[in-house]
Amino acid sequence: MRSKNHFTSLFTIKNIAAQAVFALATSTFSYAASLSVNVIDKDGKPTPDAVVMVVTSGVSSPKTLLPAAATISQASMQFIPAVTIVRPGAKVTFVNNDPWDHHVRGSAAGAAQFSGNDENGFVLRLGGKTAGVAGKSSTVSLDSAGVVLLGCHLHGSMVGHVVVSDTPWAVKTDANGVATFADLPGGAATVKVWHAAQFVDLKPVQTALSATPSQVKMQLSVTPRRRFAPAPTSTEKPSFY
Ligand SMILES: [Cu+2]
């Protein structure tokens, strides 16, 4: 009984200390810093669908947290969107909007696939959609931070990714290759970029965030292949599959 009380009081002291550190950090960095990251490919072209992640030294959380739920459609032989960002523990729903079956699989992407620790791995089969009825769906929980590679056992050309980000600051680059962060805490920060075609991790960039908006440019060492535009209304299986 005595040792239990001793443990409880130690825990309380630790807790108070942690709160004090948090209060100090938030009062020091009371302004919001903005950061714009331009991602270009090896040829200097703007790169959409890259994920920029910022690890901050200041303690804060974004006004908008990463989604705890997301939906990925299978349509015209593609995962749409191609890249989805969620927080750890997110529920991700796959919906088959094609009139034929898909046999979706998720596995650790990149170097993590060799670790043998595929906590986010899953396989699910979805029957083809009947016209006039909602597509069949299935939901998985992605609990560990990391990148999940999506594929289909029936259609080898289908590729997608889910980035389960452990930092709440993660933004996908737009059509112009730009990711913008509006309310970062000031101070030192590390900027990382992920792209499906970038197999060798790019070196993170260190930057200092202040009240003055900052800009960082990051260049991939590869030129990603462009995705063909999906035909959202197609109901016929493309002949080339
Ligand atoms: Cu498929």
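Right, let's walk through the structure included here. (Residues numbered from 1 in each chain as written. Predicted model: local features only at pLDDT ≥ 70, side-chain atom pairs only at ≥ 80, totals over all residues.)

1. Some words on the sheet that holds strand β11 (residues 160-164)
Spatially, five strands are ordered β5-β11-β10-β7-β8 in an open sheet, and the strand pairing comes out mixed. Here the strands that pair on one side only, and so sit at the sheet edges, are β5 (83-86) and β8 (122-126). Put simply, the sheet's adjacent strands are angled 20 degrees from each other on average, direction ignored. Note that strand β10 (residues 146-152) and β11 share five bridges and pair antiparallel. The residue bridging Leu149 from the neighbouring strand is His161, located in β11. (Pairing = 2+ DSSP bridges. Helix = DSSP H or I, 4+ residues; strand = E, 2+ residues; numbered from the N terminus. Axes fitted to C-alpha atoms, helices over the stretch in contact; angles between N-to-C directions.)

2. Quick word on the nonpolar core
Val51, Val52, Val54 and Val163 are the most contacted members of the largest nonpolar core, which has 42 residues in total. Residues within four places of Val51 in sequence aside, it is in contact with Val83, Ile85, Val163, Ala170, Lys172 and Trp194. (Core = buried A, V, L, I, M, F, W, Y, C linked by C-beta atoms within 7 Å. Buried ≥ 20, exposed ≤ 12 C-beta atoms within 10 Å, placed from the backbone. Contact = placed C-beta atoms within 7 Å.)

3. Topic: the environment of Met77
With respect to the secondary-structure elements, Met77 resides in the loop between β3 (69-75) and β4 (78-80). Spatially, the C-alpha atom of Met77 lies 7.5 Å from that of Asp98, the residues being 21 residues apart in sequence.

4. Structural notes on the environment of Ile85
Its place among the elements puts Ile85 in strand β5. The class of Ile85 is buried, set by 20 C-beta atoms lying within 10 Å. Note: C-alpha distance between Ile85 and Val51 (34 residues apart in sequence) is 8.1 Å. When neighbours within four sequence positions are excluded, Ile85 is seen to be in contact with Val51, Leu66, Val163, Ser165, Ala170 and Lys172.

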